[in-house]
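Geometric and topological summary
What follows is the residue order along each chain.
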Amino acid sequence: MTVNAARLQNAVMAVLTIRDVPDDVKEALGRDARESGQSLQAFLLGVLRRQAAFSRNRKLLSEIERDLAQGGGADDDAPDAATLLEQARLDDLDGGVGRPGAGGVA
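What you see is a predicted model, and the numbers here were worked out from it, not measured in a lab. (Residues numbered from 1 in each chain as written. Predicted model: local features only at pLDDT ≥ 70, side-chain atom pairs only at ≥ 80, totals over all residues. Heavy atoms only, no water.)

Section: the overall build of the protein chain
Our working rule: Helical segments are the DSSP runs of H or I of at least four residues, strand segments are the runs of E of at least two, and each set is numbered from the N terminus. The cut-offs for exposure are 20% and 50% of the maximum accessible area for each residue type, with area from a 1.4 Å probe on protein chains only; residues under the lower value are buried, those over the upper are exposed, and the others partly exposed. By definition in these notes, contact holds between two residues if any of their heavy atoms fall within 4.5 Å. Residue-level accessible areas treat just the shown protein chains as cover; the underlying method is Shrake-Rupley with a 1.4 Å probe.
Looking only at helices and strands, the protein chain features four helices and zero strands. Element order for the protein chain, N to C, with α for helix and β for strand: α-α-α-α. Taken across its 106 residues, the protein chain has 8% of its residues classed as buried. The long-range fraction of contacts in the protein chain, counting pairs at least 24 apart against all pairs at least 6 apart in sequence, stands at 18%. Summed over its atoms, the accessible surface of the protein chain is roughly 9000 Å², and 56% of this surface lies on carbon and sulfur atoms.

Below you can see the structure in the form of structure tokens.
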């Protein structure tokens, strides 16, 4: 990555500050981060990414529920929802690299 590209990437990242974190909470998070071989910042970023993915899943499930309540539904040949959700989670984690149809190279 060039220096200019690195600066651009950092320019679009948000910075979050969390105040008044109890010591026991900080210690527990730090311990979990060390056990997973990550810095506290990398560990917490992973936690935030998972939470964001769960939020997107809740929204998707609400939309599906609304569609079903309106009489919509899947045809018999529709893919399994659990498989689609798992694929979407994996795509979020690695950007879809390496799986056919997921935006990456098989």
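Overview of the packing of helix α2 (residues 23-35) against helix α3 (residues 40-69)
Selection criterion: Fitting a line to C-alpha atoms yields each axis, with helices limited to the stretch in contact; the angle taken between N-to-C directions then spans 0 to 180 degrees. Angles are sorted into four bins: roughly parallel if under 35 degrees, roughly antiparallel if over 145, roughly perpendicular if 65 to 115, and oblique for all others. Residue type decides the class: Asp, Glu, Lys and Arg count as charged, Ala, Val, Leu, Ile, Met, Phe, Trp, Tyr, Cys and Pro as nonpolar, and the leftover types, Gly among them, as polar.
Running from N to C, α2 and α3 point in directions that differ by 95°, and their axes come no closer than 9 Å. Relative to α3, the element α2 lies roughly perpendicular. Contacts between α2 and α3 involve L29, G30, D32 and A33 from the first element and L40, F43 and L44 from the second. Partitioning the contact of α2 with α3 into residue classes produces five nonpolar, one polar and one charged.

Quick word on α2
Selection rule: One less than the residue count of a helix, multiplied by 1.5 Å, gives the span that helix is expected to have.
The terminal C-alpha atoms of α2 lie 18 Å apart, and with 13 residues this matches the ideal 18 Å at 1.5 Å per residue to within 8%. Residue G37 follows α2 closely and has a positive phi angle near 70°.

Considerations on the pattern of salt bridges
Rule in force here: Throughout this description, the term salt bridge denotes a Lys or Arg side-chain nitrogen within 4 Å of a carboxyl oxygen of Asp or Glu.
Under the definition given, this model contains three salt bridges. Between R66 and D67 there is a salt bridge, with the nearest N and O atoms lying 3.8 Å from each other. Overall, the relative accessible area of 39% leaves D67 in the partly exposed class. Between E86 and R89 there is a salt bridge, with the nearest N and O atoms lying 3.9 Å from each other. Residue E86 and its partner R89 are located together in helix α4 (residues 81-94), separated by three residues, close to a single helical turn.

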